[in-house]
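Architecture at a glance
Take a look at the letters that make up each chain.
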Amino acid sequence: MPRNQATASTIKKIAFLGNYLPRKCGIATFTSDLLGAAAARQPASQCFAVAVNDIEGCYRYPNVVRCEIAEQELASYRRAAEFLNSNNVDVVSLQHEFGIFGGPAGSHLLALLREVQAPIVTTLHTVLLQPNADQRRVMQELIHYSTRLVVMTERGRNILQEVYHAPPAKIDLIPHGIPDVPFVAPDFYKGQFGVDGKKVLLTFGLLSPNKGIEHVLHALPDVVAEFPDVVYLVLGATHPNELRTRGEAYRLGL
């Protein structure tokens, strides 16, 4: 289905599709922050969210969430496409991560993308170097249906072109970034954790086996042998999905 073209001056309604706070998920935080920043930058535009639910029932979303998708229900993606089309959105900002959509490699999402009439700007939070067959198929369709592809690193841009043969003209590099917060000297926080004067390695965020924390732990003896003043801090709760399926086994294993 051809996509309508839009320019900054004609964009009046923007839909942000992904996870959304208060769901505990990095994508939820990113989508919420991105919507808030876009709404502040373009106050004349109407910004709202389409949120993906991974639990029965729903989260206590703010009013900005106008539509919800049941992660594992294919028909729910089609209903969301109908919602977006009936609301005449000018652009859809899609936050993509394989693990947040239903179907093999998140393929349920494709049912929505095939029906949506507005241009789709897809932010790729993971670009796999060695995809399996399902992941490759989903990514290639995602590239096809997206008007623009946003990656966060130069490496991601190269993989898109070399592995998936994405058109270079479709790809934009926008570093991840963080919300604009006041700067505080690092030593202020070091005192709170009792690591004054130490070289601190920090991992933060929700804990799950795909974060590679165990690799750092295995490497630490060699690191400490050369830098005795190194301390490794791991900050974060266990990821809700990990907690539901395996409890605290991963954290205790670490």
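Considerations on the nonpolar core
- Core analysis: the biggest nonpolar cluster contains 44 residues, and L17, L84, L112, L113 and L160 have the highest contact counts within it.
- What L160 contacts, discounting residues up to four positions off in sequence, is L124, V127, M139, I143, L149, V151, H165, A166 and I171.
- I11, A49, A51 and V65 belong to the second largest nonpolar core, which has 13 residues in total.

Section: the packing of aromatic side chains
- Per the stated rule, a full pass over the model turns up three aromatic pairs.
- Both rings, one in F48 and one in F83, keep their centres 5.9 Å apart while their planes meet at 85 degrees; by these two values the pair is edge-to-face. Taken together, the residues span a long stretch of sequence, with F48 in strand β2 (residues 46–53) and F83 in helix α2 (residues 74–86) at a distance of 35 residues. An identical accessibility class is assigned to F48 and F83; each is buried.
- Summarising the aromatic geometry, the rings of F188 and Y189 are spaced 5.1 Å apart at their centres and angled 85 degrees between planes, so their arrangement reads as edge-to-face.
- Residue Y189 is classed as partly exposed on the basis of its relative accessible area of 41%.
- Its end group placed over the ring of F48, R66 keeps NZ or CZ at 4.8 Å from the ring centre.

Quick look at helix α1 (residues 26–41)
- An ideal rise of 1.5 Å per residue puts 22 Å on 16 residues; α1 measures up with 22 Å between its terminal C-alpha atoms.
- On its buried face, α1 is in contact with β1 (13–18), β2, β4 (91–96) and β5 (120–124).

Concerning the sheet that holds β5
- Taking strand neighbours across the sheet as the criterion, the seven strands line up as β3-β2-β1-β4-β5-β6-β7 in an open arrangement whose pairing is parallel. Two strands close off the open sheet at either side, each with one partner strand: β3 (65–70) and β7 (171–173). Here the average twist between neighbouring strands, direction ignored, is 20 degrees.
- Pairing geometry for β2 and β3, over five bridges, is parallel. Residue pairing across strands places V52 opposite I69, the latter belonging to β3.

Remarks on the layout of surface pockets
- The space that makes up the second largest pocket amounts to roughly 260 Å³.
- Lining the second largest pocket, in full, are P186, Y189, K190, F193, V195, V200, L202, F204, L233 and L235.
- Where the lining of the second largest pocket is concerned, the elements lending two or more residues are α6 (186–192), β8 (199–204) and β9 (230–235).
- Residues that form the lining of the second largest pocket fall into these classes: nine nonpolar, no polar and one charged.

Remarks on the packing of helix α4 (residues 133–145) against helix α5 (residues 154–164)
- Contact geometry for α4 and α5: axes closest at 12 Å, N-to-C directions at 110 degrees. By the criterion of interaxial angle, the relationship of α4 to α5 is roughly perpendicular. Across from R136, M139, Q140 and I143 in α4, the residues of α5 making contact are L160, V163 and Y164.
- Each residue belonging to the contact of α4 with α5 can be placed in one class, and the counts come to five nonpolar, one polar and one charged.

Reading the values: rules and limits
- Residues numbered from 1 in each chain as written.
- Predicted model: local features only at pLDDT ≥ 70, side-chain atom pairs only at ≥ 80, totals over all residues.
- Heavy atoms only, no water.
- Core = buried A, V, L, I, M, F, W, Y, C linked by side-chain atoms within 4.5 Å.
- Buried < 20%, exposed > 50% of the residue type's maximum accessible area, 1.4 Å probe, protein only.
- Contact = heavy atoms within 4.5 Å.
- Phe/Tyr/Trp six-rings, centres within 6.5 Å; stacked < 30°, edge-to-face > 60°.
- Helix = DSSP H or I, 4+ residues; strand = E, 2+ residues; numbered from the N terminus.
- Lys NZ or Arg CZ within 6 Å of the ring centre and 35° of its normal.
- Expected span 1.5 Å × (residues − 1).
- Pairing = 2+ DSSP bridges.
- Axes fitted to C-alpha atoms, helices over the stretch in contact; angles between N-to-C directions.
- 1 Å grid on protein atoms, 1.4 Å probe; cavity = no way out; pocket = protein on both sides within 12 Å on 5 of 7 lines; lining within 4 Å.
- Points joined across faces, edges and corners; volume = space filled by probe spheres on them.
- Nonpolar A, V, L, I, M, F, W, Y, C, P; charged D, E, K, R; others polar.
- Parallel < 35°, antiparallel > 145°, perpendicular 65-115°, else oblique.

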